Number of protein chains: 2
Amino acid sequence: MQNPVPAASAPGKAVMAAPKRKLVAEETNRRADILRAAGRLFAEKGYAATTIRDIAGAVDMQSGSPFYHFRTKHDMLRAVVLEGIGAINAAVAQAAASGKSPRATFEAMLRAHLDQLLGAEGRDFAATLLHESRHLDAEAQAEVVMLKDRYEAMWQKTLKDLKRAGLIAVDSPLASLFLLGALNWTVQWYRPDGGKSVAQIARQLSSLLLKPAG
Amino acid sequence: MQNPVPAASAPGKAVMAAPKRKLVAEETNRRADILRAAGRLFAEKGYAATTIRDIAGAVDMQSGSPFYHFRTKHDMLRAVVLEGIGAINAAVAQAAASGKSPRATFEAMLRAHLDQLLGAEGRDFAATLLHESRHLDAEAQAEVVMLKDRYEAMWQKTLKDLKRAGLIAVDSPLASLFLLGALNWTVQWYRPDGGKSVAQIARQLSSLLLKPAG
DNA sequence: CCTACCGATCGGTAGG
DNA sequence: CCTACCGATCGGTAGG
């Protein structure tokens, strides 16, 4: 949304069509490069301790150049955080709609959430979402809160399904918060080269909360 | 440990004893004031976004004066974080040694942990411990990791006791991590003026994890 | 603990 | 997207 097409590539004659398309794609990639680098640095050092020069250097730009793609540093944070919650929401919603049994659906949702938090593609966006959202301005924070509420409601609904199926004793909102806490805390201790896979962690959490099968 | 007695209060004659003692007490209080203010600001805005001028202003000092009590901003962070983990450790260890039944001991430990995280006296130190420790240097981080490991071992032992008493199905290290995640995540959603008290939260988490009584 | 200050660094911009 | 730059702010210090 920010400078999707720079002023430099103003509309030209028909002969310009091909180069223009390529330019747009390159610019989009550059923007995505900056976002990935910003996400990694925000996750590693925190938003306030990350400088524009850090981000620019990570994508081999000069310090003023990121501002061609983003208006402010704050806009980068906003984009990273929204990417984080968007990816988690999409992944877990897909798992929730898989049409399997309540227990299998629940485990698929746990896996999806953990994949986003711990997997290489999503973890920097997720960590920034979890730890740096307070640096957003009030408007962006309200946006994030709305998306978070929607996300938590999805888990609340899943707990109700599990209760109805007799697989869980309590489906209070508090139970959702405990569950999300156990999930989100994994970013503090999970190591990719540790003994446990994401699928194993999901299964153990499931078996801790649900009644034994059969 | 940092400037416990400033050079200004060098040993004098006997007549100096009383004023000197008072001076020391005042200086100690000033240091504690700074630490509380730093904890609050670190918890609210994060370490990197908090300036020495913020902290000095919060205790009505000029911007250079905190350095009379602390060598660097980093030393303040270290002191805040160590105060945080020290207080949690002490509170939960006391609950663990209460000599009650396994279930009652467990609930007392949950309450103690949550009191430190959510209560007015400890929450800023605890939040700084949980969210800002990454800004510590390697040496201080190792110190914190050691204390954290000791703390987690205490919970691990408690889970083993519960297992032995037949109150819990699984006492793996992973279960400890899930439990601590559910506990530590409360700082993200708990509101003092919300509907639930710390004791209620502790009881609900206990009943979610333990088998029904009797 | 204050006054007065310093060098370094920061987010952002004008003009190309 | 780079060059060159600006005003603001930062952690920290010397001297009292």
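Calculation criteria
- Residues numbered from 1 in each chain as written.
- Chains lettered and ligands numbered in written order.
- Predicted model: local features only at pLDDT ≥ 70, side-chain atom pairs only at ≥ 80, totals over all residues.
- Heavy atoms only, no water.
- Near = heavy atom within 4 Å.
- Polar contact = N/O pair within 3.5 Å; in protein donor to acceptor, adjacent residues only side chain to side chain.
- Nonpolar A, V, L, I, M, F, W, Y, C, P; charged D, E, K, R; others polar.
- pLDDT = per-residue confidence, 0-100.
- Contact = heavy atoms within 4.5 Å.
- Helix = DSSP H or I, 4+ residues; strand = E, 2+ residues; numbered from the N terminus.
- Buried < 20%, exposed > 50% of the residue type's maximum accessible area, 1.4 Å probe, protein only.
- Phe/Tyr/Trp six-rings, centres within 6.5 Å; stacked < 30°, edge-to-face > 60°.
- Lys NZ or Arg CZ within 6 Å of the ring centre and 35° of its normal.

Asker: Would you mind going over the protein's contact with DNA strand C in detail, with residue names and values included?
Answerer: Surrounding DNA strand C, one finds 15 residues, the nearest of these being Thr-51 and Lys-73 of chain A together with Met-61, Ser-65 and His-69 of chain B. For DNA strand C, the backbone portion of the atoms within 4 Å of the protein, that is sugar and phosphate, comes to 60%. With respect to DNA strand C, the backbone of Thr-50 of chain A contributes an N or O atom lying 3.4 Å from a phosphate oxygen. Contacts to DNA strand C include Gln-62 of chain B, whose backbone N or O atom sits 3.0 Å from a phosphate oxygen. Grouping the constituent residues of the surface near DNA strand C by class yields 4 nonpolar, 7 polar and 4 charged.

Asker: Please give an account of the confidence of the model for chain A that cites residues and values.
Answerer: Atom-level detail of predicted coordinates should not be read off regions where pLDDT is low. Per-chain confidence: chain A averages 90 in pLDDT, with 89% of residues scoring 70 or above. When the criterion is pLDDT under 50, residues 1-19 of chain A qualifies, and its contacts beyond four places in sequence or with other chains add up to 12 contacts.

Asker: Summarise the environment of Gly-64 of chain A; cite the residues concerned and give the values.
Answerer: Residue and element names in this part refer to chain A. Tracing the backbone through its elements, the reader meets Gly-64 in the loop between α2 (52-58) and α3 (66-69). Its relative accessible area of 47% is what places Gly-64 among the partly exposed residues. On a C-alpha basis, the gap between Gly-64 and Glu-44 in space is 22 Å, while along the polypeptide they are 20 residues apart.

Asker: Any chance you could break down the packing of aromatic side chains for me, citing the residues and the numbers?
Answerer: Residue and element names in this part refer to chain A. As enumerated under the stated definition, the model contains 6 aromatic pairs over all chains in all. Ring centres of Phe-42 and Tyr-47 lie 5.2 Å apart, and the angle between their planes is 65 degrees; on these two criteria the pair is classed as edge-to-face. Residue classification places Phe-42 among the buried residues on the basis of a relative accessible area of 0%. With relative accessibility at 11%, the residue Tyr-47 sits in the buried group. One Lys or Arg, Lys-73, reaches over the ring of Tyr-47 and ends 4.3 Å from the middle of that ring.

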